[in-house]
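# Notes for the structure review
Residues per chain, in single letters:
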Amino acid sequence: MATTAELVPFSEATRVERLDSHTYQVNLVDSFCIGTVPNGGYVASCILKAASLHLAQAGQKDVMNAHFQFLNRSETGPAVIIIEDVKLGRQLSTIHATLYQRALLPSAPWITQGSTRTEISAYLTMTNLSKEQGVSLPTAFSSQQLVGAPQTPDFAALRENRDPNWARFEFPGGSPLSYARCLQNVVYHDPRGGQVAKTIIDKWLRPASGEKWTASSLAFVSDCYPYVVEAHRPTKEEAEEKARRGESIPFSPNTRFWYPTIVLNLEIKKGLPEEGVEWLHLRVQSKQIKDGRFDLEVLLVDEHGDLVAISHHVNLILGSERNTADRGTSGNEAKGRPSRM
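These remarks concern the structure in this document. Here the residue numbers are simple positions, counted from 1 along each chain's written sequence. Reporting in this predicted model follows two pLDDT cut-offs: at least 70 for local features of residues, and 80 or more for side-chain atom pairs to be given and counted; totals over whole chains, interfaces and linings ignore these cut-offs and use all residues. Excluding hydrogens and water, the side-chain values take into account all heavy atoms of the structure.

In terms of helices and strands, the chain carries six helices and 18 strands. Within these notes, the globule rule equals 2.2 Å times the number of residues to the 0.38 power, and the radius of gyration is based on C-alpha atoms. Scaling as 2.2 N^0.38, a compact globule of 341 residues should have a C-alpha radius of gyration of about 20 Å, and the chain matches this with 20 Å. By its C-alpha atoms, the chain is 65 × 50 × 40 Å across when sized along the principal axes. Relative to its 341 residues, the chain shows a buried fraction of 50%. In what follows, residue pairs with any heavy atoms lying within 4.5 Å of each other are defined as contacts. Looking at the chain alone, contacts between residues at least 24 apart form 70% of all its contacts between residues at least 6 apart. Total accessible area computed for the chain in this model is approximately 16300 Å², and 50% of it derives from carbon and sulfur atoms. Treating the 36 positive side-chain charges of the chain as one cloud and the 38 negative ones as another, the clouds have centres 3 Å apart. To qualify as a helix, a DSSP run of H or I must reach at least 4 residues; to qualify as a strand, a run of E must reach at least 2; elements of each kind are numbered from the N terminus. Relative accessibility thresholds used throughout: buried, under 20% of the residue-type maximum; exposed, over 50%; partly exposed, between the two (1.4 Å probe, protein chains only). For accessible areas, the Shrake-Rupley method is used with a probe of radius 1.4 Å. Any residue's cover is judged against the shown protein chains and nothing else. Under the convention used here, Asp and Glu are negative, Lys and Arg are positive, and both His and the chain ends fall outside the count. Throughout, a charge is located at the NZ atom of Lys, the CZ atom of Arg, the CG atom of Asp or the CD atom of Glu.

Structure, rendered in structure tokens:
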């Protein structure tokens, strides 16, 4: 893992510059990468920020729902986000955002047909969450106490790693996840008694940079720990013992995987304050891991026990060499040619 001195503040890593009325520019940074590929949630957060800026003057800077399709592997460096106003309304508006890289132009039309690559396509429903009103009813679900999770921590104690139920997670040296530099941007706290199940992950999170989680960061937070497969990783001793007994293992202790997000759906349930919040509780759960593909349901809960966001993901399980392989040079990867993701 990189040192704290190498951290790029999230606000800087997602800084958006308006180029014209519907075009925005961002610069994707290395410290939010997994191998050579920027974390999908991080790139999605850049789009959330551009969308918020786009409709701020219309009074609809809040994202209610966003659907992201990851078409190609993005890369560090400049990217252009072009927004189409699909339907603008008084309470809700729908926009389409596309993030492009390579062969970008210094002026309109900003992209080079046939050479610029389409990386991500997204539909977003925008609104003003503070003005929402209507029928509210209780449900059987309670975000106040997620089943199996320890009680809400004492946050002052948690900050000093003294909470009796939650402990700061330290990444072991030589971990197969060591090439996921995006992990350095978050301070993770796990249940001291272990996770409730192999396919469920509970963590309290705060930004390692000392910033706070804001609305635009929620896509990154939802995608910051998609590692349910890692709970099934055997230790060297377990693998050797099973080999002696003639039993199979799903993969070897040192196999390095990449878990690219193919689809991410994010629904914001509660608007965060402008200044942000220090802590969020992340619950990640997978219902099926099969044939190199798995689902994730992600819940984000704030310090008060209120549900902030729900996210659903589709991820692949690929060898890490697929992450670092050469990218295609043509912009047609998303137009009929097989993607090398």
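Side-chain rings of Phe, Tyr and Trp (the six-membered ring for Trp) are treated as a pair once their centres are within 6.5 Å; stacked means planes under 30 degrees apart, edge-to-face means over 60, and tilted covers the remaining angles. Following the criterion strictly, the structure yields 13 aromatic pairs and no others. With a centroid separation of 5.8 Å and an interplanar angle of 65 degrees, the aromatic rings of phenylalanine 10 and phenylalanine 32 are classed as edge-to-face. Of this pair, phenylalanine 10 sits in helix α1 (residues 10–13) while phenylalanine 32 sits in the loop between β2 (23–28) and β3 (33–34); the two residues are 22 residues apart in sequence, bridging distant segments of the chain. This pair shows no difference in class: phenylalanine 10 is buried, exactly as phenylalanine 32 is. Ring geometry for tyrosine 259 and phenylalanine 294: centres 6.0 Å apart, planes at 75 degrees, overall edge-to-face. Of this pair, tyrosine 259 sits in the loop between β12 (257–258) and β13 (261–268) while phenylalanine 294 is found in strand β16 (residues 293–301), placing the two residues 35 residues apart along the sequence.

Lining residues are defined by having an atom within 4 Å of a point belonging to a cavity or pocket. Those points lie on a 1 Å grid over the protein atoms alone, cavities being sets where a 1.4 Å probe fits but cannot get out and pockets being open sets with protein on both sides within 12 Å along at least five of seven lines. Grid points are joined across faces, edges and corners, and a volume is the space filled by probe spheres set on the points. By the definition in use, this model includes five cavities of 30 Å³ or more. As for the largest cavity, its lining consists of 18 residues, of which Val37, Pro38, Gly40, Pro260 and Thr261 are closest to the centre. When residues of the lining of the largest cavity are traced back to their parent elements, those giving at least two are β4 (37–38) and β8 (117–127). Here the second largest cavity is characterised by a volume of approximately 80 Å³. Contributing to the lining of the second largest cavity are 14 residues, with Ser143, Gln144, Thr152, Trp204 and His281 lying nearest its centre. Residues are grouped as follows: Ala, Val, Leu, Ile, Met, Phe, Trp, Tyr, Cys and Pro are nonpolar; Asp, Glu, Lys and Arg are charged; all remaining types, including Gly, are polar. Residues that form the lining of the second largest cavity fall into these classes: six nonpolar, seven polar and one charged.

Right, let's talk about the layout of surface pockets for a bit. Roughly 610 Å³ of internal volume is contained in the largest pocket. As for the largest pocket, its lining consists of 28 residues, of which Ser52, Thr214, Ala215, Ser216 and Glu274 are closest to the centre. Those elements that provide at least two residues to the lining of the largest pocket are α1, α2 (40–54) and β5 (62–70). If one sorts the elements of the lining of the largest pocket by residue count, α2 sits on top with four residues. Its residues placed into classes, the lining of the largest pocket shows 13 nonpolar, eight polar and seven charged.

This part covers the environment of asparagine 72. Considering the arrangement of structural elements, one finds asparagine 72 in the loop between β5 and β6 (77–87). Along the sequence, asparagine 72 and aspartate 326 sit 254 residues apart, while their C-alpha atoms lie 12 Å from each other. Polar contact is defined as a pair of N or O atoms within 3.5 Å, subject to the rule that within protein one atom must be able to donate a hydrogen and the other to accept it, and that residues adjacent in sequence are counted only when both atoms are side-chain atoms. At 2.9 Å, the side chain of asparagine 72 forms a polar contact with the backbone oxygen of threonine 118.

Here we take up the pattern of salt bridges. Salt bridges are counted wherever a side-chain nitrogen of Lys or Arg sits within 4 Å of a carboxyl oxygen of Asp or Glu. Here the structure, examined in full by the defined rule, presents 19 salt bridges. The closest approach of N and O atoms between lysine 61 and aspartate 62, which form a salt bridge, is 3.4 Å. The shortest N-O distance in the salt bridge between aspartate 190 and lysine 203 comes to 2.6 Å. Separated by 13 residues along the polypeptide, aspartate 190 in strand β10 (residues 186–191) and lysine 203 in strand β11 (residues 200–207) bring together distant segments of the chain.

Checked against the element boundaries, isoleucine 200 lands in strand β11. When neighbours within four sequence positions are excluded, isoleucine 200 is seen to be in contact with Gln195, Arg283, Val284 and Gln285.

Let us look at the pairing of β13. The element β13 is extensively covered by neighbouring structure, given that six of its eight residues are classed as buried. The pairing of β5 with β13 spans five bridges and is classified as antiparallel. Across the sheet, residue phenylalanine 68 finds its bridge partner in β13, namely leucine 264. Here seven bridges tie β13 to strand β17 (residues 307–316), and the two strands are oriented antiparallel to one another. The residue bridging isoleucine 268 from the neighbouring strand is alanine 309, located in β17. For two strands to pair, DSSP has to find at least two bridges joining them.

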